[in-house]
Structures are given as structure tokens and as C-alpha cells.
Amino acid sequence: MSTRGYAAEAAQLIDRLERLARSGEARHGVNPAQWEALRYLAQANRFSRTPAALADYLASTRGTVSQTLIALEGKGLVARRQSARDKRSVDLDLTDAGRRVLVDDPLQELARDLRKGDSDEGLAAAVEVLRDALRRALRRNGSRPFGVCHACRHFQKNASGRGRHHCALIDEPLSEEDSGLICTEQEPVPA
Ligand code: SF4
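Here the structure is a predicted model, which is why all the values come from computation and not from measurement.

1. Examining the domain arrangement of the chain
Logical step 1: Split by domain assignment, the chain resolves into domain 1 (3–141) and domain 2 (147–191).
Logical step 2: Domain 1 and domain 2 are separated by 22 Å when their C-alpha centres are compared.
Logical step 3: Opposite the seven residues of domain 1 that make contact, domain 2 presents eight residues.

2. With respect to unusual backbone geometry
Logical step 1: One non-glycine residue, H28, lies in the positive phi region at around 65°.
Logical step 2: Considering the arrangement of structural elements, one finds H28 in the loop between α1 (3–23) and α2 (32–43).
Logical step 3: For H28, a count of 18 C-beta atoms within 10 Å corresponds to the partly exposed category.

3. A look at the sheet that holds strand β4 (residues 165–167)
Logical step 1: With antiparallel pairing, three strands are arranged side by side in an open sheet as β3-β4-β5. A single partner strand is all that each edge strand has here, and the edge strands are β3 (155–156) and β5 (172–174).
Logical step 2: Two elements, β3 and β4, share two bridges in a ladder whose sense is antiparallel. Of the residues in β4, the one forming a bridge with F155 is C167.

4. Quick word on the packing of helix α3 (residues 51–58) against helix α4 (residues 62–74)
Logical step 1: In contact at an axis separation of 9 Å, α3 and α4 are set at 115° when each is read in the N-to-C sense. Compared by their axis directions, α3 and α4 come out roughly perpendicular. Relative to α4, the crossing made by α3 is right-handed. Along its contact with α3, which presents P51, A52, L54, A55 and L58, the element α4 presents R62, V65, S66 and L69.
Logical step 2: For the contact of α3 with α4, the residue count by class is seven nonpolar, one polar and one charged.

The rules behind each value
- Residues numbered from 1 in each chain as written.
- Predicted model: local features only at pLDDT ≥ 70, side-chain atom pairs only at ≥ 80, totals over all residues.
- Domains from an automatic or database assignment.
- Contact = placed C-beta atoms within 7 Å.
- Helix = DSSP H or I, 4+ residues; strand = E, 2+ residues; numbered from the N terminus.
- Buried ≥ 20, exposed ≤ 12 C-beta atoms within 10 Å, placed from the backbone.
- Pairing = 2+ DSSP bridges.
- Axes fitted to C-alpha atoms, helices over the stretch in contact; angles between N-to-C directions.
- Parallel < 35°, antiparallel > 145°, perpendicular 65-115°, else oblique.
- Left-handed = near helix turned anticlockwise from the far one by under 90°.
- Nonpolar A, V, L, I, M, F, W, Y, C, P; charged D, E, K, R; others polar.

Here you go:
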């Protein structure tokens, strides 16, 4: 098969897998948009857990995201509080119930199927191909990358000398856990 043929089949497989994964999403009374919001809040850093950043990440409108958040708050899965950095803004957090629901995320079934079907090397190569495709799609759409903090050009590793990191853009300390989270302000280190 040609590269073009493999690429076309891979795109169809991704589309079909996504539909199958979504078919299990009715559990816990959480709809697909609500699952996406819960997943985002579980992996976003403290500067990025806002309604505006969530809308950017999902390439959705503020109004649609607002309805999703109202529903999640009503189910007790998400809580909002006034932002410590900007009194006009709100920050979002998963509640304990939200974290418990995420343990049963139907996307984990897809991850398990992928684990069973391939070697570490095969999966790592597939992830690189998908990351590249995502980067190109984001550039085409003019969307922010929402990359991981430790791969950002503003990330200062072990800035304190005591294992604490620092963000040069926001001028805030970062923990080891923060370094592995995604961020709305992330700018990849130039290649
Ligand atoms: S270093 Fe980059 S990714 Fe990390 S908090 Fe700062 S702007 Fe965000």
C-alpha cells in the first residue's frame, strides 16, 4: 500500500475508533461534551482551568462550554471559584466525585485495546505520528497547542536549585506535578 493509502486508512480507523469509544460514554449520565471537559480539567494546570481556556481547547463556543459546565456543576462533578489572580474571572476544579467518575472513563477501554495490540516501540512510533498530525491540524486551524509545561520555552527547570521549577512568563513557581500538565499559554521550545 502507498503512503497515501496508509494515511487514508489510518484516518478512517481513528474516526471509527472515536465513534466506538463514544458509544460507551452514556455511563454516569455524562454526555460526550461533559467527558471532554472532565478530561481537560484533569490534565490542565492551574492557569488553564478556566471556562475560556476550556472553550479554546475544545474549539467550542463560550456559550456551549458554559452549558456544559452548568450541567457538570449540577451533577457535583465540577466546582467553580473566584480566581485568585483575576477577581473578574473564575477557576474550575474537579470535585472528588468528578475524579471518581474519571476513573471509569470509557476512553480507558480504547487505551487498553491499544496496549494489548502492540509493543512499546510500536505504540511510541504511533504516538509520534499522531502528535505530528495534531501539530499540523492545530497550525492549520490557528489553534493554541495546549502542550505540556516541561516542553514550553518559558519553563525553567529546577530554577530554585531545590527541585522547584519556575514559569518565566507568568513568574510563578511550578512543582514537578505542574511540569507534566498542559497549559493554555504553552509555547513549544523551538526545534
Ligand atoms: S512554563 Fe509555559 S506551559 Fe508552563 S506554566 Fe509557564 S507558560 Fe504555561
